[in-house]
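Architecture and fold: a report
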Amino acid sequence: MTGHVLRPATPADYDAVAAVVDEWWGRPVLASLPRLFLDHFHRTSMIAEGPEGMAGFLVGLLSPSVEDEAYIHFVGVCPAARGGGVARAMYERFFALARAHDRHVVKAITSPVNEASIAFHQRMGFTASEPVPDYNGPGTRLVTFARGI
């Protein structure tokens, strides 16, 4: 991850994330990332900054209900920074944070059409499920991931 620095997110980062997330994903996804995530989970989220500005972000949390688990809710990497280890570095930093809080499992989800995300998670050691029907309500199929840390 040459030239990039990871730092904790702040609530003030939301506007910058919201401004790029749909473009970085290539489809409208902002509705899945309301401001409340950086208002309430910024201490477990991060921003990757590079020479050109924000190169990536990870929004994660320590489950308040399942004491052994942490959850990565949303990750984005600037298209120009992809393939440079930004996402891997953010995941590794989140794993370390989760371990420091006695978490032993990290979970995540994605859409079955997001083949790049599925492949990335598998390279990172996650086990992927088959698409789960109605995961977030009728007609919403999602792939779930889990990885021990």
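Residues numbered from 1 in each chain as written. Predicted model: local features only at pLDDT ≥ 70, side-chain atom pairs only at ≥ 80, totals over all residues. Heavy atoms only, no water.

**Digging into the sheet that holds strand 3 (residues 53-62)**
Across the sheet, seven strands lie side by side as 1-2-3-4-5-7-6; this open sheet has mixed pairing. Of all strands in the sheet, those with a lone pairing partner are strand 1 (5-8) and strand 6 (127-128), marking the two edges. Of the strand pairs in this sheet, strand 4 (residues 69-77) and strand 5 (residues 105-110) are connected by three bridges, and their pairing is parallel. Among the inter-strand pairings, A70 is bridged to a residue of strand 5, identified as V106. This element, helix 3 (residues 86-100), spans strand 1, strand 2 (46-50), strand 3, strand 4, strand 5 and strand 7 (143-148) of the sheet and lies at about 160 degrees to strand 4. Relative to strand 7, helix 4 (residues 115-123) is tilted by about 15 degrees, and along the sheet it contacts strand 5, strand 6 and strand 7. (Pairing = 2+ DSSP bridges. Helix = DSSP H or I, 4+ residues; strand = E, 2+ residues; numbered from the N terminus. Contact = heavy atoms within 4.5 Å. Axes fitted to C-alpha atoms, helices over the stretch in contact; angles between N-to-C directions.)

**Remarks on the pairing of strand 2**
Taken across its five residues, strand 2 has four buried, putting it largely inside the fold. The pairing of strand 1 with strand 2 spans four bridges and is classified as antiparallel. From the neighbouring strand, L6 faces strand 2, where its bridge partner is A48. Note that strand 2 and strand 3 share five bridges and pair antiparallel. Residue pairing for strand 3: M46 is matched across the bridge by L58. What sits between the antiparallel neighbours strand 2 and strand 3 is a turn of two residues. (Buried < 20%, exposed > 50% of the residue type's maximum accessible area, 1.4 Å probe, protein only.)

Any link to function would need more than the numbers given here.
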